Each structure stands twice: as structure tokens, then as C-alpha cells.
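Below, each chain spelled out in residue letters.
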Amino acid sequence: MSHQTEQTEQTARTARTARRGGAAWALVITSVAGFMAALDNLVVTTALPSIRKDLGGALDDLEWTVSAYTLTFAVLLMFGAALGDRFGRRRLFLGGISIFTGASAAAALAPGIDSLIAARAVQGAGAAIMMPLTLTLLTAAVPAAKRGMAYGIWGAVNGLAIASGPLIGGSLTEHISWQWIFWLNVPLGLALLPLARLRLAESYGTGAPLDITGTLLASGGLFGIVYGLVRGPAEGWTAPLVLTGLFAGGALLAGFVLYSTRAKNPMLPMRLFRSRAFSGINAASMLMFLGMFGSIFLLSQYMQGVLGYSPTEAGLRMLPWTGMPMLVAPIAGILSDRIGGRPVVATGLFLQAAGLAYLAPVTTVDASYAVQLPGLIISGIGMALFFAPASNLVMSSVRASQQGVASGANNALREVGGALGIAVMASIFSAQGGYETGQTFVDGLRPALVTGAVVVALAGVAALLIPGRGRAGGAVGPAEPARTLETIAG
């Protein structure tokens with residue numbers, strides 16, 4: 001059977017099963033799954049003291065409870081998306097949920113720090129399969145004219161999960177126990193499995209053979225770079241393992257790019273990056289996560305360690321930032337449908353940069369909440385304006401058959417940006433200040449926030465490079481125009 005015939009049959013199967021799932025069910029299922037995966041990026045941070053008290057372990061062990069998830073999540077994202085394209089997105093989505101749910105239960109039951117780290121690594125693998133498929137399954141279920149609204153709600157839920165991880169983790173740890181930050185995923189996962197099986201329509205990508213060589217090169221390269229970035233602040237940037245990870249990772253990624261330009265069926269076709277739309281939104285996404293992750297990581301500690309708030313109190317005071325996506329992101333999705341995604345995304349990024357720039361000088365050892373509030377609100381609005389239109393730009397910048405690859409690449413770059421952000425911000429913080437006193441903390445926090453503002457502003461500049469509505473810049477290969485799933489099925 002020829003590749004073209006196989007792809008035609010897979011497209012026909014997608015069309016025949018499209019009726020079994022509804023857009024509303026797809027939105028609920030993919031949003032909850034995305035929430036689970038995104039939440040576990042930062043949910044552990046406020047529980048680390050309690051985990052150390054119960055399970056023991058050195059500081060490096062505690063750091064691995066965070067980085068083990070980030071590493072496996074980042075390095076396996078594109079492979080998870082490729083598996084879904086080849087063997088069925090719903091089928092792999094169910095597998096990812098099962099792995100993630102089982103690993104969450106194992107983490108809650110972990111008898112020691114080593115078993116907890118192992119469970120967190122498996123959690124990241126499940127999330128890497130599950131997360132990129134949420135967007136492709138949602139896109140297949142929602143009519144093209146309504147995708148802006150759907151992406152807005154999906155983005156609101158995921159944005160809330162990323163930013164509210166410290167609040168949820170701190171509240172569960174403070175009022176119940178740290179194990180519940182993992183038990184929380186179990187009932188959600190068990191509820192999603194039958195719903196996804198019954199309510200989501202199966203869909204496929206190109207049906208091309210799996211790119212094993214490209215997968216190994218990309219995964220190894222991302223693992224080396226993310227490992228080096230995560231471990232650099234703790235072990236020193238000149239430590240042998242850190243330097244080996246960074247240089248070997250860079251070499252493997254260079255090899256991946258060279259290989260992908262020549263391979264017959266590459267996992268990530270390099271021709272996609274010839275599109276200004278695809279290149280611009282991915283650069284903006286990575287830079288935005290770099291500035292956002294590092295800032296939230298330090299600001300949550302500032303509110304607890306310097307201002308004296310409990311984990312729950314600090315999380316509540318971050319709500320003007322973290323809760324804003326629930327209010328603004330759906331509106332952003334509608335705006336992107338009407339005026340295009342580029343102006344909405346760029347405006348959101350510049351607003352977030354302005355919010356961080358405002359917060360830098362007002363953070364003092366005795367700053368009142370009223371003084372901080374404008375910066376939190378501005379940053380929250382900016383983050384909310386980014387998520388939904390960014391998702392729309394990613395998915396519309398490639399062919400329908402390449403949306404799984406695009407989603408995996410975008411999520412991988414976001415995760416790398418987040419790991420880089422924490423590493424860079426922590427290094428700036430350590431160089432200019434420290435944890436000794438409230439004043440030394442503020443001395444390190446201020447330049448870190450300025451750096452975050454500059455990086456997010458650069459993300460805004462990258463967003464402006466995306467072609468506007470009606471201009472050429474969409475994805476894709478020279479011989480085939482971008483097509484929606486509805487066009488193919490029709």
C-alpha cells in the first residue's frame with residue numbers, strides 16, 4: 001500500500017469518526033488533561049520542605065523531584081506527538097493519561113526520595129504523550145470558525161494551572177499533606193479515561209514511518225541542554241557534568257537539524273521554520289516561558305520568605321496574576337478570530353513585560369500588597385492575552401496533517417524555555433543576592449525581574465515578526481497549501 005493511499009484511508013477514518021465526539025466534550029476532556037500536565041510543573045515547589053521532612057534526602061535530591069518531571073516532559077514531547085500521528089491520537093492520549101495517573105499514585109505512595117524521583121520521571125513521560133495531543137484532538141473536534149473561543153478556554157485552563165501550581169501545592173501541603181498534590185491527579189485521570197474513549201473521535205497525522213533516528217537525536221540533545229540548565233545553578237556552570245550536558249546536547253541538536261534537512265520523513269521537518277508564522281510564534285513562546293517561569297518561581301518565594309506569608313496566603317495574593325487567564329483568555333480567543341492572533345499575542349507580551357518592569361523597583365522588604373497589585377494585574381492580563389492566540393497561531397501555521405508535530409515542537413520549546421528561565425533567574429539572583437536576609441533576597445530579585453521583563457519584551461518583538469492576517473507566511477511545503485481538517489474531510 002502506498003503512503004498516499006494509507007494517508008487517504010486514515011483521513012477517511014477521521015471523517016467517519018468525527019461524529020462520535022462533540023466539541024464541548026473535547027474541550028472539557030482536553031482542558032482537564034492539559035491542566036493536570038501543566039499543574040505538575042510547579043506544584044511540588046511549595047511542598048519540598050515537607051517532603052524532605054518525611055522522606056529525607058539532600059538538597060540535590062529535592063531538586064530532582066522537580067527537574068525529573070521537567071526533563072522527561074521536555075525531551076519526549078515531540079516523540080509523543082509523533083506516536084499519536086502514526087498510531088492514532090486518541091489511542092495514545094488514553095495511554096498517556098494511564099501512565100500519568102499511575103505514576104501520580106506511585107509518587108503519593110513513594111516510601112523514599114529515590115522512588116519519588118523515579119515516579120516523577122514516569123509522570124513526565126505520561127505528560128509528554130498526553131499534552132501535545134490535547135490540541136490536535138481539540139482542533140479535530142471544533143469547527144474552524146469556533147476554534148479561537150475553544151483555544152481561549154483551553155489556554156485559560158492551562159495558564160491557570162501553570163501559574164497556580166505553587167498555590168495548589170502549598171494549600172494541600174499546609175492543610176492536608178504533601179501526598180495530596182499527587183493524589184489529586186488520580187480521580188481526574190480515572191474519570192478522563194472512559195470519557196476520552198467514548199467522546200473523542202480518533203484522528204491521525206500523515207501516517208509516515210516513525211523517525212527513530214531523529215527522535216533519539218532530539219531527545220538526547222534536549223536532555224543534555226535541559227539537564228545542564230537545571231543543574232548549572234546548583235553544581236556550577238563549569239562542573240564537568242554540566243558542561244558535558246550543554247555541549248553534548250548542543251551537538252546532538254545540531255546533528256538533529258542537519259539530519260532533518262535531509263531525511264525523507266523527519267519527525268520535525270525543518271521546512272516548517274521557513275514560515276515566519278511558525279518560527280515567530282515558537283520563538284515568542286520559548287522567550288515568554290523563560291521570563292514567566294523564572295519570575296513566578298522567585299516571586300512566590302519572595303512573598304513567603306521576605307513578606308512572611310504562608311504558602312496559601314502567598315498563592316491567594318498572586319491570584320490577580322494567576323487567575324486572570326480565566327477571565328481574559330476566552331476574550332483573547334474571540335479577538336484573535338476577528339483581528340488575527342499577532343496583535344493580541346504581541347500586546348499580551350508587552351503588557352507582561354511592563355508588569356515585570358513595574359514590579360522590579362517596588363519589591364522591598366516591607367512592600368505593601370497595594371503597591372504590588374498593579375504589576376500583578378498587568379502581568380496577568382498580558383499572560384492571558386498570550387495563551388489562546390498563541391495556540392491558534394501554532395495550529396494554523398501548519399498543515400492539518402502536521403499539527404501534531406507542531407504542537408509537540410511548541411510544547412517542547414516552552415518547557416525548555418521554562419527550565420532555562422529558572423536556571424537563568426536563579427543564577428542572576430545568586431550572583432546579586434541570596435537567602436541570608438530579606439534585603440539580600442530583594443537585592444537578587446530586582447535584577448532577575450528586570451531580566452525577565454527584557455526577555456518577555458523580546459518575545460513581543462518576535463511576535464511582531466509573524467505575518468499579519470491575509471499575508472503569506474503560513475506553513476508549509478512549497479507545493480501544498482495549508483488545509484483545515486474540515487477541508488480534507490469534505
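Scanning the chain from terminus to terminus reveals 20 helices and zero strands. Expressed as a percentage of its 490 residues, the buried residues of the chain come to 57%. Only carbon and sulfur atoms are counted for the fraction: they give 67% of the accessible area of the chain, which is about 18300 Å².

Moving on, we get to the side chain of Thr72. With respect to the helices, strands and loops of the structure, Thr72 is situated in helix 4 (residues 59-87). The class for Thr72 is buried, based on a relative accessible area of 18%. Looking at Thr72, its side chain comes within polar contact range of the main-chain oxygen of Tyr69, at 3.3 Å. A distance of 2.9 Å separates a polar side-chain atom of Thr72 from the backbone oxygen of Ala121. In this structure Thr72 touches Arg120, Ala121, Gly124, Ala125 and Ala128, once residues within four positions along its chain are discounted.

With that out of the way, let us pick up the packing of aromatic side chains. The full count for this structure, using the stated rule, is four aromatic pairs. Through pairs of rings, three or more aromatic residues link up here, namely Tyr302, Phe429 and Phe441. Lying across the ring of Tyr309, Arg317 places its NZ or CZ 4.1 Å from the centre.

Of note, Ala68 is situated in helix 4. Expressed as a C-alpha distance, the spacing of Ala68 and Ala121, which sit 53 residues apart in the sequence, is 4.9 Å. The contact partners of Ala68, leaving out residues within four places of it in the chain, are Ile117, Arg120 and Ala121.

Phe93, Met288, Tyr302, Trp321 and Leu349 are the most contacted members of the largest nonpolar core, which totals 101 residues. Ranked by residues supplied to this core, first place goes to helix 12 (residues 276-305) with 13 residues. Setting aside residues up to four positions removed in sequence, Trp321 forms contacts with Met292, Ser295, Ile296, Leu299, Gln352, Leu356, Leu376, Ser379, Gly380 and Met383. If you look at the next biggest cluster of nonpolar residues, it comprises 23 residues, including Val44, Ala119, Leu172 and Trp178.

Among the structural elements, Gly380 can be located in helix 17 (residues 369-396). For Gly380 and Gly348, which are 32 residues apart along the polypeptide, the C-alpha to C-alpha distance reads 9.1 Å. With residues up to four places along the chain from it excluded, the contact list for Gly380 reads Pro320, Trp321 and Met324.

Here we come to the packing of helix 12 against helix 16 (residues 341-362). Relative to each other, helix 12 and helix 16 sit at 25°, their axes nearing to 12 Å. Classified by the interaxial angle, the pair formed by helix 12 and helix 16 is roughly parallel. When you trace helix 12 past helix 16, the crossing you get is left-handed. On helix 16, the residues that touch Ile281, Ala284, Met288, Gly291, Met292, Ser295 and Leu299 of helix 12 are Val345, Leu349, Gln352, Leu356 and Leu359. For the contact of helix 12 with helix 16, a count of residues per class yields nine nonpolar, three polar and no charged.

Attention now moves to the confidence of the model for the chain. With 83% of its residues at a pLDDT of 70 or more, the chain has an overall mean of 76. Ignoring residues within four places in sequence, the model shows residues 11-20, a span with pLDDT below 50, making 15 contacts including any to other chains. Note that residues 470-490 has pLDDT below 50 and, in this model, 40 contacts with residues that lie over four places away or in other chains.

Over its 21 residues, helix 11 (residues 240-260) extends 30 Å from the first C-alpha to the last, a length consistent with the 30 Å expected when each residue adds 1.5 Å. Listed as buried for helix 11 are Val242, Gly245, Gly249, Phe256 and Ser260. One side of helix 11 carries all its buried residues, which in axial view fall inside an arc of 60°. Summarising the geometry of helix 11, the exposed residues directed more than 90 degrees from the buried face are Pro240, Phe247 and Ala251.

Thresholds, definitions, all that
Residues numbered from 1 in each chain as written. Predicted model: local features only at pLDDT ≥ 70, side-chain atom pairs only at ≥ 80, totals over all residues. Heavy atoms only, no water. Helix = DSSP H or I, 4+ residues; strand = E, 2+ residues; numbered from the N terminus. Buried < 20%, exposed > 50% of the residue type's maximum accessible area, 1.4 Å probe, protein only. Areas by Shrake-Rupley, 256 points an atom, 1.4 Å probe, with all protein chains shown as cover. Polar contact = N/O pair within 3.5 Å; in protein donor to acceptor, adjacent residues only side chain to side chain. Contact = heavy atoms within 4.5 Å. Phe/Tyr/Trp six-rings, centres within 6.5 Å; stacked < 30°, edge-to-face > 60°. Lys NZ or Arg CZ within 6 Å of the ring centre and 35° of its normal. Core = buried A, V, L, I, M, F, W, Y, C linked by side-chain atoms within 4.5 Å. Axes fitted to C-alpha atoms, helices over the stretch in contact; angles between N-to-C directions. Parallel < 35°, antiparallel > 145°, perpendicular 65-115°, else oblique. Left-handed = near helix turned anticlockwise from the far one by under 90°. Nonpolar A, V, L, I, M, F, W, Y, C, P; charged D, E, K, R; others polar. pLDDT = per-residue confidence, 0-100. Expected span 1.5 Å × (residues − 1). Arc of directions from axis to C-beta.

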